[in-house]
Amino acid sequence: MVTGVRTILFLLNFAYITIGIAQTDETTGLTASLNTNQVELGKHVNLTLSAPTTVSSTKLNQLDTIDLSKLKSLFHVETYSDIELEAGKQNWQIRLTPYHKGKQTIPVLTFSDLKSNPIEITVTDAIDSKSRRPMTISYSASTLSPWVREQVLVIYKLNSSLKLYDLKLDEPDLVKAIMHELEVKETIIQNNDNDTYDYQTGYALFNLTDGQQKINLPPLIVRRDGTTTHRFYPPPFELTVKALPLYLPATVPVGKLSLESDKSLQFSFTYRLTNTELILAGHHMPFSSLPDIGYQFISTDSLQTYPAAQEEIYSNKLTGLTRSIQYTLPLKPISQGLHTLKPVRLLSFDPDRGTLQTNEYNLPTLFSLNIWASITLILLFSLFCLIVLYRLYRYLSYHIKRYRYYKLALRHLTTAKDRQSIRSALQLIAEAEGDNGNHTPQQWLKLYASKSEETKLKEPLNQLFYLSSDKQNILTLTQDLIQTIKNKHILIY
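Rules of the game
- Residues numbered from 1 in each chain as written.
- Predicted model: local features only at pLDDT ≥ 70, side-chain atom pairs only at ≥ 80, totals over all residues.
- Heavy atoms only, no water.
- Helix = DSSP H or I, 4+ residues; strand = E, 2+ residues; numbered from the N terminus.
- Rg over C-alpha atoms; globule rule 2.2 N^0.38 Å.
- Buried < 20%, exposed > 50% of the residue type's maximum accessible area, 1.4 Å probe, protein only.
- Contact = heavy atoms within 4.5 Å.
- Areas by Shrake-Rupley, 256 points an atom, 1.4 Å probe, with all protein chains shown as cover.
- Lys, Arg positive; Asp, Glu negative; His and termini not counted.
- Charge placed at Lys NZ, Arg CZ, Asp CG, Glu CD.
- Pairing = 2+ DSSP bridges.
- Axes fitted to C-alpha atoms, helices over the stretch in contact; angles between N-to-C directions.
- pLDDT = per-residue confidence, 0-100.
- 1 Å grid on protein atoms, 1.4 Å probe; cavity = no way out; pocket = protein on both sides within 12 Å on 5 of 7 lines; lining within 4 Å.
- Points joined across faces, edges and corners; volume = space filled by probe spheres on them.
- Nonpolar A, V, L, I, M, F, W, Y, C, P; charged D, E, K, R; others polar.
- Polar contact = N/O pair within 3.5 Å; in protein donor to acceptor, adjacent residues only side chain to side chain.
- Patch = residues over 30% accessible without salt bridge, like charges linked within 9 Å, V, L, I, M, F, W, Y side chains within 5 Å.
- Salt bridge = Lys/Arg side-chain N within 4 Å of Asp/Glu carboxyl O.

Enquirer: Help me out: how do you make sense of the overall build of the protein in this one?
Expert: Within the protein, the secondary structure is distributed over seven helices and 31 strands. Computed over C-alpha atoms, the radius of gyration of the protein comes to 46 Å, more than 25% over the 23 Å expected from 2.2 N^0.38 for 493 residues, which places it beyond the range of a compact globule. Once the C-alpha set of the protein is aligned to its principal axes, its extents read approximately 175 × 70 × 40 Å. Counting over 493 residues, the protein shows a buried share of 39%. When contacts within the protein are restricted to residue pairs at least 6 apart in sequence, long-range pairs at least 24 apart make up 67% of them. About 29,300 Å² of surface is accessible on the protein, with carbon and sulfur atoms providing 53% of the total. In the protein, 50 side chains carry a positive charge and 46 a negative one; their mean positions are 12 Å apart.

So this is what it looks like as structure tokens:
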């Protein structure tokens, strides 16, 4: 009996102590405090959470069990420090970097049955440490509903009043995606007073699984004189990743493929080794997704192929990733004539159309001859060129001589004072046209003058050559003859 009473008293005492502790914990509560209530965009603040060590009558909880999802929608959260225990209390320090400027509110956090109070914080413009002027930053994504393995371009755009020499992106750390860093592009914007600088960079993101995904990207790091001044974290964004069609083979790349050659026709001697250059390019796809087409270079009965050498070229411009493979394919024709290999077949999934694309590319045609047939053709071609050049020479010589005769005839007519000068000019015109020049005035006019000019000049020429004429008549006659000659060759004169 005594033992039973003692047991009941012990249990009542334990319950009283436990209830007292719970009341004390609720009174103490969960507290949240910031080291500052104002911070620049791109810089961080420290949030300190404090709570009693024991907050439940059944178990001991720690602060790292708090749900921080509401906080992560406004800030980049880094839980880099350990929980500190002291005098019945536990403290936890969290680093917060805001995504946007303006008034922000640290939301109410819940720990067991305890709740913290909301805290107001002001996020100001990022200030360049050298110019002491604001820097602005914005973010954009090319699409929020990509296919699996479709390229998503996430662009960071930063504006600064001074040139930034040390600007880089942090290393990505994603499990369900592939990320490639893009180039940093600088653009100078000229203003009347001060020039500003626009910088663009970012990532090419390729999701490997479908479904709803929340993406947290690394920050853009700005340094001055070797010291990190700002870390700009883009806000997380939701992607709705579409699954690829079930009929699509797993090895088919998502993006665009192209195959190019610098020549459509090549020449080679029979049984001589020659090379053809081909460039396979994969646009907007991971560098590892470009297919190998070497197995499609198959020999034919008239053309022998050998293993192709490969040289890779990478490009990470802001428009997207491009990986190119330059194939140097050795070929040996084993007969004369035109030779070609089978077309190269490329398969890719076009994310814009959502369909499987099948394209065939014709390889360059090879024309081959044996060496003696080639020498014969070269000689015949050389002879043909000589004949053409000789005919061209004669043609040009004739027209140059003709032009000189016309110029000399016009000069005689310009300075003519008697019938002999006019007769010499008319004879030069006839010789320029390939005649012997021994024409009467009537014959000359029929050959080299129009009907109206013939009627006009027939009588004055007859009077000059067969009758007497004065100076005034000679001057008028020569002007009419000069005009007649110029009318015959308008393009020359």
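Enquirer: What should I look at first to understand the sheet that holds strand E20 (residues 227-232) in this one?
Expert: Strand pairs in the sheet, formed through backbone hydrogen bonds, run parallel or antiparallel to each other. If you trace the three strands from one edge of the open sheet to the other, you get E14-E19-E20, paired in antiparallel fashion. Of all strands in the sheet, those bounded by a partner on one side alone are strand E14 (166-169) and E20. Recorded for the sheet is a direction-independent mean angle of 25 degrees between the axes of neighbouring strands.

Enquirer: Help me out: how do you make sense of the confidence of the model for the protein in this one?
Expert: It should be kept in mind that the predicted coordinates are not to be read in detail where pLDDT is low. For the protein, the average pLDDT comes to 85, and 91% of its residues sit at 70 or higher. Within the protein, the lowest mean pLDDT, 37, falls on helix H1 (residues 2-28), and the highest, 96, falls on strand E13 (residues 151-160).

Enquirer: Would you take a moment to explain empty space enclosed by the protein for this structure?
Expert: Empty space left among the atoms is revealed by rolling a probe the size of a water molecule over them. If you walk through the whole model with that rule in mind, you get one cavity of 30 Å³ or more. The wall of the largest cavity is formed by Gln-266, Thr-276, Leu-278, Leu-303, Leu-329, Leu-331, Leu-341, Leu-363, Pro-364, Thr-365 and Leu-366. When residues of the lining of the largest cavity are traced back to their parent elements, those giving at least two are strand E24 (274-283), strand E27 (320-333) and strand E31 (365-369). For the lining of the largest cavity, a count of residues per class yields eight nonpolar, three polar and no charged.

Enquirer: Is there a simple way to explain the sheet that holds strand E10 (residues 119-124) in this structure?
Expert: Taken in spatial order, the three strands make up an open sheet running E2-E10-E7, and their pairing is mixed. At either end of the open sheet lies a strand with only one pairing partner, and these are strand E2 (38-40) and strand E7 (102-106). The mean angle between the axes of side-by-side strands here comes to 30 degrees, regardless of whether they run parallel or antiparallel. Sheet topology places E2 next to E10; three bridges connect them, and they run parallel. Residue pairing across strands places Gln-38 opposite Thr-122, the latter belonging to E10.

Enquirer: Would you explain the environment of Asp-113 in this entry?
Expert: Within the secondary structure, Asp-113 sits in the loop between strand E8 (110-111) and strand E9 (114-115). Note on Asp-113: relative accessible area 65%, which makes it exposed. Sequence separation between Asp-113 and Tyr-406 is 293 residues; the distance between their C-alpha atoms is 115 Å.

Enquirer: Got a minute to help me understand the side chain of Asp-128 in this structure?
Expert: Structurally, Asp-128 is set in the loop between strand E11 (126-127) and strand E12 (134-141). Of note is the side chain of Asp-128, whose polar atom sits 2.9 Å from the backbone nitrogen of Ser-131. Aside from chain neighbours lying at most four places away, what touches Asp-128 is Arg-133, Met-135, Leu-162, Leu-164 and Arg-224.

Enquirer: What's the story with a nonpolar patch on the surface in this structure? I'm lost.
Expert: A contiguous nonpolar patch, built from Leu-383, Leu-386, Ile-387, Leu-389, Leu-392, Tyr-395, Leu-396 and Ile-400 and spanning about 800 Å² of accessible area, is present on the exposed surface. Looking at the secondary structure, you find Ile-400 in helix H3 (residues 371-414). Of the residues examined, Ile-400 reaches a relative accessible area of 52% and is grouped as exposed.

Enquirer: Where do I start with unusual backbone geometry in this structure?
Expert: Glycine aside, residues mostly have negative phi, and peptide bonds are mostly found in the trans state. At Arg-132, a position not held by glycine, the phi torsion is positive, near 60 degrees. With respect to the helices, strands and loops of the structure, Arg-132 is situated in the loop between E11 and E12. Look at His-284: it is not a glycine, yet its phi comes out positive at around 65 degrees. Tracing the backbone through its elements, the reader meets His-284 in the loop between E24 and strand E25 (303-305). What makes His-284 partly exposed here is its relative accessible area of 33%.

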